Structures are given as structure tokens and as C-alpha cells.
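Descriptive structure summary
Given next are the chains, with one letter for each unit.
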Amino acid sequence: MEKSGGSAYVYAKASGILGKSFVGFRSENLFNAQSLSELWEMVFNSPVPSVPEVLLANKIENEASRKFIHDYLKLLEVYSNPDRFLVSLLERIEVENLKVFAASASLSEQNIPRFTDLGKYAVLNYKAYPDIQKMTKGTVWEWYDHVPSLDERQKLSYRLDLFEIKDFWDSLNHIGDNTRDALVEFYRKDLSIKNMIWALRLKVYYNMSALDIVQNLFYVGIKPCIEDPICGYAFAVLDKAVDSFDDWQSWHFARYLNPHVDGVVWKVDPVWIEQRFRADEAKNALQIFHQYPMTTATLAMYFRLKQQELNCIRAATEALRLGVASHEAMFAAGISVDVE
């Protein structure tokens, strides 16, 4: 379809889908379901499949993931030549697929594991499993050419993630319309926050030194440094004492800190901070979606909002399966800033 006509169609279609999706204030409805069967009917508006309740949780998550990608691919295919950035959004999913296949192969599992089908945008040779070398041959991951040992997997996963982030950043900075600056800033902050949360997890949970943390950060330039576009937030927390609230009060994001009560032992909580950021992120994505209609931002923010919906569906499913209170599940999904 001609680009201007295609953009109008995609915006109208995406708006209609989001209007019926569990995004924004509607995401809270997912956590009102009293059973997995009720959640299925709510999400898919179809009869509950005839499977044991114990299997229904997985079926909900798998079907929600399949539908998310299926709908995105249908919108993407409206364009005869979609922006490279919109295709690059799928690369993260294929990286995760490769990790799943490598993990299965390292455990000598012969059956092909469940993966997210990207249709014509898939580049891995999935039929070659368990031969990892044949799976990656001719792709940008051709260097991933063997079944990794358990000790190797973490190192190779980091290399996969770093490659994907760099490629994503390059495609982001080559967006071909007037939304480039807005999208660069949105994703720069997103990647910076994820990097910072990662640094905090290493600092709090693994007691890593600042030097060791830096070696595990992600970056889009030559090396991880404070000047890198996505490293600044992480470097800002490296020297702060994790158990000193006073050390954090002047922090740029102090409003996202877990509560401090006088006389009670306090320690910075990466999970709390991450959920507070996620609650704001969905609002920003919806704002950009409406601010830049019929542009690259339409599908970019649609993708992000549907990702958040998928996270909420998974959180609601797990809450019902494990008997977790709805307010705790909502906090975990990043749609509530309060947890009792």
C-alpha cells in the first residue's frame, strides 16, 4: 500500500485495537478476574478451551503472545517497505528465541522448544534444531555457532543482548520521519533506566563493585562510560550506599525510591524503582501514540503498549495460578505504584 494511505489505515486499525485492549486504565480489569477461565473469556472473548485448569495458565500466556505478534505483523505488512526500525522491534524476540533454543540444546532436549513465530521476518533456521551452527548460519548471529555449556550461556547471552541493543539504537537513529527525536528520547530513557536497574540489581543482590558492574553494563558506543547515551543513569548510582537513604535523597529519580520510615532499616529496592518507572512508561507511550498519528511512532508505541498488555496478562495469570493478591500482581505488572 502507498505509504500515506498505509499510515492512515495503520493508525486507524491500531487505534481500534488499542481501544479494545487492556492498556491504560483498562489494564486493571484483568486483575478482577476470579478464575483462569474468566480471564480467558475476558482476554480472548471466546469459549474456554477444554483443557485441565492446570494447563490453562500456559495456554493463556502462549495465546496472548501469539496474538500480539500476529496482529503486529499484519499491521507491519500493510507497508511494502516498512521502516527498518519497525522491523528491528522484532529482533529482541528472535534473540530470546535463540536463547531458548540454545538452552534446550545444552540440556540435550531433542524436541523443538516453544518459540515465537515471526513469519517472514524470522531469520533463524528453526528447522535445523538442535544444530545451533546451522540455525544461525547466514545471520548476524553466525558467530553463535555451537551449543553452549552452562557456564558459557551467560556470556553469550550478554553478547547477544549487546549486539541487539546496538543494532536497535542504530535503526532508531535512522528513522525516516519527523518522529525520530521523540522516539530517540523515549527509547534512550527506556534503555538508560533498564541499564540503571540492572546496575542496581548487581549492586544490591550480588554486592558487585562499581568496576565489575561497569563491565556488565550495556552501551551503544565504543565502551560503557558515563558519556554513552544509555549509561549515564547507571553511572549515577554506582557510588551510592545501598543502605543509606540520605545518600539517595538528592538523586535525580528520588521520587521513585521505596519508602523510608524513620527508625526502620532501609535499603534501596531495585524492584520498587523499576515498577514505578514502568507505571509512568505506559502513560508516556500512549501520549506519544496520539501525539504523532500516521507516523513511525504509531506502530512503535502500539508495539510497546501491547507489550505492556502482555505483561499484565502474564501477571494476572500468575496471580490466579499462585493465589497472589490482585494489588500485588498489579504492582508487579507496573500498573500500580502502591503495594501493601
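Located above this text is the structure these notes cover.
What counts as what
- Residues numbered from 1 in each chain as written.
- Predicted model: local features only at pLDDT ≥ 70, side-chain atom pairs only at ≥ 80, totals over all residues.
- Heavy atoms only, no water.
- Helix = DSSP H or I, 4+ residues; strand = E, 2+ residues; numbered from the N terminus.
- Buried < 20%, exposed > 50% of the residue type's maximum accessible area, 1.4 Å probe, protein only.
- Lys, Arg positive; Asp, Glu negative; His and termini not counted.
- Salt bridge = Lys/Arg side-chain N within 4 Å of Asp/Glu carboxyl O.
- Contact = heavy atoms within 4.5 Å.
- Expected span 1.5 Å × (residues − 1).
- Phe/Tyr/Trp six-rings, centres within 6.5 Å; stacked < 30°, edge-to-face > 60°.
- Core = buried A, V, L, I, M, F, W, Y, C linked by side-chain atoms within 4.5 Å.

With respect to the side chain of glutamate 91
- On the secondary structure map, glutamate 91 appears in helix 5 (residues 91-106).
- Buried charge without a salt bridge: glutamate 91, with arginine 84 as the nearest opposite-charge side chain at an N-O distance of 6.9 Å.
- When sequence neighbours within four positions are dropped, the list of residues in contact with glutamate 91 reads Trp141, Phe163, Glu164 and Asp167.

Remarks on helix 8 (residues 180-205)
- Under the 1.5 Å per step criterion, the end-to-end length of helix 8 is 37 Å for 26 residues, consistent within 8% with the ideal 38 Å.
- Immediately beyond the C-terminal end of helix 8, within one or two residues, lies asparagine 207, with a positive phi of roughly 55°.

Some words on unusual backbone geometry
- In this structure, proline 130 follows tyrosine 129 across a cis peptide bond, with omega equal to 10°.
- Checked against the element boundaries, proline 130 lands in the loop between helix 5 and helix 6 (132-136).
- A positive phi angle, close to 55°, is found at asparagine 207, a residue other than glycine.
- With respect to the element layout, asparagine 207 can be found in the loop between helix 8 and helix 9 (210-214).

Topic: the packing of aromatic side chains
- In the structure shown here, the tally under the stated rule is 22 aromatic pairs.
- Where phenylalanine 85 meets tyrosine 187, the ring centres are 5.4 Å apart and the plane angle is 70°; that geometry is what we call edge-to-face. Here the residue phenylalanine 85 occupies a position in helix 4 (residues 84-88), and tyrosine 187 occupies one in helix 8, the gap between them amounting to 102 residues. Across this residue pair, the class does not change: phenylalanine 85 and tyrosine 187 are buried.

Some remarks on the nonpolar core
- Counting residues in hydrophobic clusters, the biggest one holds 70 residues, and the most contacted among them are Phe31, Leu90 and Tyr187.
- Not counting chain neighbours up to four residues away, the residues in contact with tyrosine 187 comprise Phe85, Leu89, Phe168, Leu172, Ala300, Met301 and Arg304.
- Among the nonpolar cores identified, the runner-up in size contains 24 residues, and Val204, Val237, Leu257 and Ile273 belong to it.

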